[in-house]
Amino acid sequence: MTAELPNQAARTHDDSISTLPLSQALLLPRIAIESTTPVIDGGEFAAKAVVGQRVKVTSKVFADGHDELAVRVRWHALREESWHSVVMADVGNNGWEGAFNVSEQGPHEYCIEAWIDHFASFCHELGKKHEAGVPVSLELQEGRSQVLQAAERSDNELRDRLMLLHQELSGLLETEQVALFLHEDSAHLMTQVDHRPYLSASPAYPIEVERERAQFASWYELFPRSITDDPARHGTFNDVHSRLSMIHDMGFDVLYFPPIHPIGRQHRKGKNNSLVAGPEDPGSPYAIGSEEGGHDAIHSQLGTREDFRHLVAAAADHGLEIALDFAIQCSQDHPWLEQHPGWFNWRPDGTIKYAENPPKKYQDIVNVDFYAADAIPSLWIELRDIVVCWVKEGVKTFRVDNPHTKPLPFWQWLISDVRASYPEVIFLAEAFTTPAMMARLGKVGYSQSYTYFTWRNTKAQLSEYLAQLNESPWRECFRPHFFVNTPDINPSFLHESGRPGFLIRAALATMGSGLWGMYSGFELCEAAAIPGKEEYLDSEKYEIRPRDFTAPGNIIAEIAQLNRIRRQNPALHSHLGLKLYNAWNDNILYFGKRSEDASNFILVAVSLDPSNAQEAHFELPLWEMGLPDDAQTQGEDLMNGHRWTWYGKTQWMRIEPWHQPFGIWRITTS
């Protein structure tokens, strides 16, 4: 049986078939500009950058025929009326590359423009014909005509210079004319008066430029109430002063506190998350709110607002900035429940549902309803004002608790609104959820994000994850923050791995990302866990926990050196640029980072086995340095300063975890 072909004539006049009118086709751009980077979701969201960064732009730009194209990238800060521009380079196969530096915080945008460059096309054809010995007298006449026309549409000094060029060309021999046409000065002159035929432009794509600490920072987390020598005495802001020097000396630049607000009494949790609290149990700081106040108040046992201001100033004197937890949740004693009951969902019996994250239950916490009738816009504005209130107290960085459980439009509005007045503010998303949601939080404005790093332990897992973070779209929208532990997460890898295990995770975090953090006690190799769970036994979330920060077996010196290495080597100031290299042992992860100007090249080898020595042959990436396989290079161990010479590409290593379970080497050619 033969199927009938549709009647072409009938299709031509079928109103359901969409056609492109000739009048519209004539207005379409002749030059195609596509596959541009960095672009997030077609420009719906801003790509990320930091002050001083060189933003690399790539695109596919092409047109019909063989004419030469002129392509440039234009950019500006939104506060600027004028645009800057730089020429893009043809890298082959329709690919074009350009770059520009951003020098201030705030929103920027860029676009790509392209046009047919008639003079460059003429020069390209002229050079090829002349080299091939083809007569070019007619081409030279056409070229002189182009120069004359350019002069006629110019004025003042530029017109004079073009007329002089035309006169000079007219008096030269053929070979001399070719040389003058192809000279870069002639191209520069003609570029200034190019009328840009068939000019095409891409949309303007947004870029959000933040301060450097949005991309490169080392965080230390502590509970101020635990800075005490007696679990029966609540620590204060004033007590934290005693820790500032040691935290600074370890190389940290951000000191992060869990919520510092009044803690509710109703359903307060006791030690180890028990449902019944004793009269002296301090409760979880995440159960925010009491008769003393809510999110804009300070827990009275920590001190006064003036004490907090004094601590912020003292921390700054030590090179530390204070980061606060922004946790949008309430105890059942929070003033909002009486002042704004319409911000919550109440059950028919008059009770309110507490928070849950099965199997975890948070009986001491209730959540607001962002889309309750009474909450729009008053709740949104109140939360924005809380952030601004702490910004005015000197807090420029916020770690946001569980942002994936709050509406994305809320975050998109709040972050942009705060940054409109305070562009220096940084937001860290504490979201362990699906990849799409984690990426989206980065897109709507979060500067940094918690990651799956915490649960990536094998070479295959780490290799896959580190590579993914360096690929689009993650590289444009997501800055990974490698926390090695948190008050909520005591990673299983650390439970039995001892001191070598803590050093392994510290090396992976500090070298793998420009952002890393640790929760107090990691430097003491604390690992006691609730059996079968990745939770700390005797969790500090529910009790005051004094520590001896000089206890034997600590890794304070190693952490300080890792942070020192990070600061001194620009290649380590971002997670970007990481490349995995060959080390023939599945227990050794081997990678490198190289600064954009190639002046700083760091190699890192980490044994993932905390118990046994591991050996492997490995490759030095000589090909990236433009060197042959038998080249001679210099190595330096950045943990101890030892130097040596490598001969050739293939080398051998042995890592003994009881000494140091990793190697960090700087490789140079001299």
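Note that the structure is a prediction, hence the values are computed from the model and not measured.

Caption draft 1: Quick peek at the domain arrangement of the chain. Each assigned domain of the chain is listed with its residue range as follows: domain 1 (28–117 + 199–209), domain 2 (119–192), domain 3 (212–328 + 386–572) and domain 4 (578–669). For domain 2 versus domain 4, the distance between C-alpha centres works out to 54 Å.

Caption draft 2: Quick peek at the nonpolar core. Of all hydrophobic cores here, the largest spans 129 residues; its most connected members are Phe308, Phe398, Trp411, Phe427 and Ile664. Beyond its immediate chain neighbours, meaning those up to four positions away, Phe308 contacts Phe237, Ile260, Ile298, Ile322, Leu324, Trp390, Glu393 and Val395. Phe119, Leu140, Leu162 and Leu180 belong to the second largest nonpolar core, which has 19 residues in total.

Caption draft 3: Spatial organisation of the sheet that holds strand β3 (residues 54–62). Strand order in this open sheet of four strands is β1-β3-β7-β6, and the pairing throughout is antiparallel. Each of the sheet's edge strands pairs with one partner strand only, and the pair in question is β1 (32–37) and β6 (89–92). If you compare each strand with its neighbour and ignore which way they point, the axes differ by 30° on average.

Caption draft 4: View of the environment of Val388. Looking at where Val388 falls in the secondary structure, it is placed in helix α11 (residues 378–391). When its relative accessible area of 13% is taken as the criterion, Val388 is described as buried. Separated by 80 residues in sequence, Val388 and Gln468 have C-alpha atoms that sit 35 Å apart. Apart from residues lying up to four places away in sequence, Val388 is in contact with Val418 and Tyr422.

Caption draft 5: Broad picture of helix α17 (residues 498–512). End to end, α17 covers 21 Å across 15 residues, agreeing with the expected 21 Å (1.5 Å per residue, within 8%). Of all 15 residues that make up α17, 13 are buried, and the element is covered over most of its length.

Caption draft 6: How the structure looks around the state of the cysteines. Counted under the stated rule, the structure contains zero disulfides. Summary of cysteine pairing: Cys389 is not part of a disulfide, and the nearest cysteine sulfur, belonging to Cys330, is at 15 Å.

Caption draft 7: Examining the UniProt feature "domain: Glycosyl hydrolase family 13 catalytic" (unreviewed entry) in the chain more closely. UniProt annotation of "domain: Glycosyl hydrolase family 13 catalytic" (unreviewed entry) refers to residues 221–566 when read in the numbering used here. As a span, residues 221–566 carries 32% helix and 13% strand, and end to end its C-alpha atoms are 19 Å apart.

Caption draft 8: View of the side chain of Ser226. Within the fold, Ser226 resides in the loop between β11 (217–221) and α8 (237–249). In this structure Ser226 comes out as buried when scored by relative accessible area, which is 4%. Residue contacts for Ser226: discarding those within four places in its chain leaves Glu540, Glu543, Ile544, Arg545 and Pro546.

Caption draft 9: The confidence of the model for the chain, seen in detail. Of the residues in the chain, 97% have a pLDDT of 70 or more, and the chain-wide mean is 95. Low pLDDT, under 50, characterises residues 1–12; the stretch is placed with two contacts to residues that sit more than four places away or in other chains.

Caption draft 10: Layout of the packing of helix α5 (residues 156–170) against helix α6 (residues 174–181). Here α5 crosses α6 at 155°, and the two axes come no closer than 9 Å. Here α5 lies roughly antiparallel to α6, going by the angle between them. Note on element contacts: α6 touches α5 through Gln177, Leu180 and Phe181, opposite Leu165, Glu168 and Leu169. Each residue belonging to the contact of α5 with α6 can be placed in one class, and the counts come to four nonpolar, one polar and one charged.

Caption draft 11: Seen up close, the packing of aromatic side chains. Scanning the entire structure with this criterion turns up 39 aromatic pairs. The interplanar angle of 15° and the centroid separation of 4.6 Å between the aromatic rings of Trp75 and Phe100 together place this pair among those described as stacked. Of this pair, Trp75 sits in strand β4 (residues 69–77) while Phe100 sits in strand β7 (residues 95–101), placing them 25 residues apart in sequence. Judged by its relative accessible area of 3%, Phe100 is buried. Plain terms: the ring middles of Phe370 and Phe410 are 4.8 Å apart, the flat faces sit at 55° to each other, and that makes the pair tilted. In this pair, Phe370 is assigned in the loop between β15 (360–366) and α11 and Phe410 in helix α12 (residues 408–421), connecting sequence segments 40 residues apart. The exposure class assigned to Phe370 is buried, which follows from its relative accessible area of 5%. Three or more aromatic residues joined by ring pairs form one cluster here, namely Phe326, Phe370, Tyr371, Trp380, Phe398, Phe410, Trp411, Trp413, Phe427 and Tyr446. The positively charged end of Arg505 is found above the aromatic ring belonging to Phe453, 4.2 Å away from the centroid.

Caption draft 12: Seen up close, the sheet that holds strand β22 (residues 588–594). Pairing within the open sheet is antiparallel, and its six strands lie in the order β21-β22-β23-β28-β25-β26. Each edge of the open sheet carries a strand with a single partner, namely β21 (579–580) and β26 (643–647). Two elements, strand β25 (residues 632–637) and strand β28 (residues 662–668), share four bridges in a ladder whose sense is antiparallel. The residue bridging Glu636 from the neighbouring strand is Arg666, located in β28.

Conventions adopted
- Residues numbered from 1 in each chain as written.
- Predicted model: local features only at pLDDT ≥ 70, side-chain atom pairs only at ≥ 80, totals over all residues.
- Heavy atoms only, no water.
- Domains from an automatic or database assignment.
- Core = buried A, V, L, I, M, F, W, Y, C linked by side-chain atoms within 4.5 Å.
- Buried < 20%, exposed > 50% of the residue type's maximum accessible area, 1.4 Å probe, protein only.
- Contact = heavy atoms within 4.5 Å.
- Pairing = 2+ DSSP bridges.
- Helix = DSSP H or I, 4+ residues; strand = E, 2+ residues; numbered from the N terminus.
- Axes fitted to C-alpha atoms, helices over the stretch in contact; angles between N-to-C directions.
- Expected span 1.5 Å × (residues − 1).
- Disulfide = S-S within 2.5 Å.
- UniProt positions renumbered as here; feature names shortened; annotations may be inferred.
- pLDDT = per-residue confidence, 0-100.
- Parallel < 35°, antiparallel > 145°, perpendicular 65-115°, else oblique.
- Nonpolar A, V, L, I, M, F, W, Y, C, P; charged D, E, K, R; others polar.
- Phe/Tyr/Trp six-rings, centres within 6.5 Å; stacked < 30°, edge-to-face > 60°.
- Lys NZ or Arg CZ within 6 Å of the ring centre and 35° of its normal.

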